[in-house]
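Topology and contacts: notes
Listed below, chain by chain, are the residues.
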Amino acid sequence: MLHEISSYSSMAFSPEKSAAFLHELINGAGVVFVAEVNGEVVGGMAGGIIDQWFSDDLIAYDYSLFVEPSKRNGVVAVRLIRAFQEWAKIKGAKQIYMGIGTGVNVEGTTRLYESQGLRNVGPLLMMEI
């Protein structure tokens, strides 16, 4: 669903590659959190951690945060973000970076991120080629 409604929809989608990547994150290359409501998966978040290119300090970053549209007015996204923040602290990150590369609900997502302590440090720009 995320791929279909996002700025990435013009790119091919490979379920096999996506699954392999998520397995890598789960197996230690990063983290994946899943949100369930009544036993049904309604959202998830994937992230990673790396040393900053100019420093040995660690930064955590998101690959993706998605919540099913019908569940976006509750606490699902907040819980996913807070879990990611705690994971980043445990891993020793000094900073967390989260972007909105999908083009989906940019203003609302920005407000959500700001409500969770992130601050807007600049836009993310994209061009089709």
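This text gives an overview of the structure that appears in the document. Because the structure is a prediction, the values reported are computed rather than measured.

1. Regarding the packing of aromatic side chains
Think of a pair of aromatic rings as described by two things: how far the centres are apart, and how the planes are tilted against each other in angle. What the rule picks out here adds up to four aromatic pairs. Ring centres of Tyr-61 and Tyr-63 lie 5.2 Å apart, and the angle between their planes is 75°; on these two criteria the pair is classed as edge-to-face. Given the relative accessible area of 22%, Tyr-61 is considered partly exposed. Classification of Tyr-63 as partly exposed rests on a relative accessible area of 40%.

2. Notes on the pattern of salt bridges
Counted according to the given criterion, the structure contains two salt bridges. Residue Asp-57 is joined to Lys-94 by a salt bridge in which the shortest nitrogen-to-oxygen separation is 3.7 Å. Of this pair, Asp-57 sits in the loop between β2 (40-51) and β3 (58-67) while Lys-94 is found in strand β4 (residues 93-97), placing the two residues 37 residues apart along the sequence. Residue Asp-57 is classed as partly exposed on the basis of its relative accessible area of 34%. Exposure remark for Lys-94: the relative accessible area of 61% places this residue in the exposed category. Note that Glu-86 and Lys-89 form a salt bridge whose closest N and O atoms lie 3.4 Å from each other. With Glu-86 and Lys-89 both in helix α3 (residues 76-91), this residue pair falls three residues apart, about one helical turn. We classify Glu-86 as partly exposed; its relative accessible area is 42%. Owing to a relative accessible area of 58%, Lys-89 belongs among the exposed residues under this scheme.

3. Concerning the pairing of β4
Relative to β4, β3 is paired through four bridges, and the arrangement is parallel. When the bridges of β4 are listed, Ala-60 appears paired with Ile-96. Chirality of the crossover, the property in question, places the unit of β3, α3 and β4 among those that are right-handed.

4. Description of helix α4 (residues 106-115)
Those residues of α4 that fall on the buried side of the exposure criterion are Gly-108, Thr-109 and Tyr-113. In an axial view of α4, the angular spread of the buried residues amounts to 135°, which keeps them on one side of the axis. The exposed set on the far side of α4, more than 90 degrees from its buried face, consists of Glu-107, Arg-111 and Ser-115. Contact partners of the buried residues in α4: β3 and α3. In the stretch just after α4, Gly-117 is the one whose phi turns positive, near 95°.

5. Focus on a nonpolar patch on the surface
On the surface, a cluster of nonpolar side chains totalling about 360 Å² of accessible area is made up of Phe-21, Leu-22, Ile-26 and Tyr-63. Locating Leu-22 in the fold gives a position in helix α2 (residues 15-29).

6. Concerning the sheet that holds β2
Strands sit in the order β1-β2-β3-β4 across an open sheet of four strands; the sheet is mixed. Of all strands in the sheet, those with a lone pairing partner are β1 (31-37) and β4, marking the two edges. Strand after strand, the sheet turns through a mean of 25° between neighbouring axes, direction not considered. Of the strand pairs in this sheet, β2 and β3 are connected by nine bridges, and their pairing is antiparallel. By the bridge assignment for β3, Ala-46 is matched with Ser-64.

About the criteria used
- Residues numbered from 1 in each chain as written.
- Predicted model: local features only at pLDDT ≥ 70, side-chain atom pairs only at ≥ 80, totals over all residues.
- Heavy atoms only, no water.
- Phe/Tyr/Trp six-rings, centres within 6.5 Å; stacked < 30°, edge-to-face > 60°.
- Buried < 20%, exposed > 50% of the residue type's maximum accessible area, 1.4 Å probe, protein only.
- Salt bridge = Lys/Arg side-chain N within 4 Å of Asp/Glu carboxyl O.
- Helix = DSSP H or I, 4+ residues; strand = E, 2+ residues; numbered from the N terminus.
- Pairing = 2+ DSSP bridges.
- Right-handed = clockwise from strand over helix to strand, strands pointing away.
- Arc of directions from axis to C-beta.
- Contact = heavy atoms within 4.5 Å.
- Patch = residues over 30% accessible without salt bridge, like charges linked within 9 Å, V, L, I, M, F, W, Y side chains within 5 Å.
- Areas by Shrake-Rupley, 256 points an atom, 1.4 Å probe, with all protein chains shown as cover.
- Axes fitted to C-alpha atoms, helices over the stretch in contact; angles between N-to-C directions.

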